[in-house]
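Close look at the chain arrangement
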Amino acid sequence: MAETLTERVYRVLREDIVNLRMKPGDKISEVKLAEIYNVSRGPIRNVIQKLQQENLVVVKPQVGTIIAPISLENARDILEIRLLLEPHAAEIAAKHIQKEDIEFLEEKFEELNSSEDREKLFETDIALHQTIWRLCGNKEIPKIINGYRDEIQRIRLSTIDLANRLVPTVTEMKKIFEALKARNPEGARESMYAHILNIKNAIEAVLNKNLE
């Protein structure tokens, strides 16, 4: 079924917010959006309300609608949850990884090596984490992490764009994969922990600087 115009406006705005094409603190104009998409302000208002419910925009009196800021406290809380869950998942996954899983991830990393596209980085990152979640045998871990998916993406982009973490991130991901490939549970756990801790440290440094 083809998406409606309102659904398209929602999808495009949401993607722009999550992928930081619209920056935290940017103001959203109902009038301009209505003009861009050639719709009345009613559907635009409905889209904004939906985004507000997802905590992606904030409506401030006498200011208007702005893109929700990335909260230092919220980012820290999310990354602490990941520190608790994902190293354990990686440790278990290293015990159960199969040849076809290794071949699948090798293909993703080969594509990443031949590309400087950030989208390819995120695609590889998602493939790596989803493989780990599937192999760890715990269906609740991906449910918990995916509940923070949008904010994790905004945090990830903030650290890469503002803290020069593109190359370090690729290096950390490769270490996780090499530990999985070697079926090294301790190495997988330690590599995943270091990866998430570095993200946490980077986002705290970026946001602390913005607060100065």
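Higher on the page you've got the structure.
Attention now goes to the environment of I160. On the secondary structure map, I160 appears in helix α8 (residues 149-162). For the pair formed by I160 and L33, sequence separation is 127 residues and the distance between their alpha carbons is 29 Å. If sequence neighbours within four positions are ignored, I160 has contacts with R118, L121, F122, R165, L166 and T169.

Once that is clear, we can look at the pairing of strand β2 (residues 57-60). Where β2 meets strand β3 (residues 64-67), four bridges bridge the pair, whose relative direction is antiparallel. Directly across from V57, in β3, lies its bridge partner I67. Hairpin connection between β2 and β3: a loop of three residues separates the two successive antiparallel strands, and Q62 in this loop has a positive phi of roughly 65 degrees.

In total, this model carries one aromatic pair according to the counting rule given. Note on F109 and F177: the rings are 5.1 Å apart at their centroids and 15 degrees apart in plane angle, and the pair reads as stacked. Linking F109 in helix α5 (residues 99-113) with F177 in helix α9 (residues 166-181), this pair joins segments that are 68 residues apart in sequence. Each member of the pair F109 and F177 is classed as buried.

Moving on to the environment of R183. Mapped onto the elements of the fold, R183 is located in the loop between α9 and α10 (185-211). Setting aside chain neighbours within four positions, we find R183 in contact with A94, I97, Q98, K99 and I102. At a separation of 3.5 Å, a polar atom in the side chain of R183 contacts the main-chain carbonyl oxygen of I97.

Residues apart from glycine generally show negative phi values, whereas peptide bonds are mostly found in trans. Phi at L20 is positive, roughly 60 degrees, even though this residue is not glycine. Tracing the chain through its elements places L20 in the loop between α1 (5-18) and β1 (27-28). A residue is classified by how much of its surface remains accessible, and L20, at 7% relative accessible area, is buried. We note that Q62 has phi near 65 degrees; this positive angle belongs to a residue other than glycine. Relative to the assigned elements, Q62 resides in the loop between β2 and β3.

Glancing now at the pattern of salt bridges. Within this structure, the stated rule accounts for 15 salt bridges. The closest approach of N and O atoms between R14 and E54, which form a salt bridge, is 3.0 Å. Residue R14 is located in helix α1, and its partner E54 is located in the loop between α3 (41-53) and β2; the two are separated by 40 residues in the primary sequence. The salt bridge partner of D101 is R134, with a shortest N-O separation of 2.8 Å. A residue pair is termed long-range when its members are at least 10 positions apart, and D101 in helix α5 and R134 in helix α6 (residues 118-136) qualify at 33 residues. Among the residues examined, D101 registers a relative accessible area of 7% and is labelled buried. When its relative accessible area of 52% is taken as the criterion, R134 is described as exposed.

Analysis parameters
Residues numbered from 1 in each chain as written. Predicted model: local features only at pLDDT ≥ 70, side-chain atom pairs only at ≥ 80, totals over all residues. Heavy atoms only, no water. Helix = DSSP H or I, 4+ residues; strand = E, 2+ residues; numbered from the N terminus. Contact = heavy atoms within 4.5 Å. Pairing = 2+ DSSP bridges. Phe/Tyr/Trp six-rings, centres within 6.5 Å; stacked < 30°, edge-to-face > 60°. Buried < 20%, exposed > 50% of the residue type's maximum accessible area, 1.4 Å probe, protein only. Polar contact = N/O pair within 3.5 Å; in protein donor to acceptor, adjacent residues only side chain to side chain. Salt bridge = Lys/Arg side-chain N within 4 Å of Asp/Glu carboxyl O.

All quantities given are derived from atomic positions and should not be read as evidence of function.
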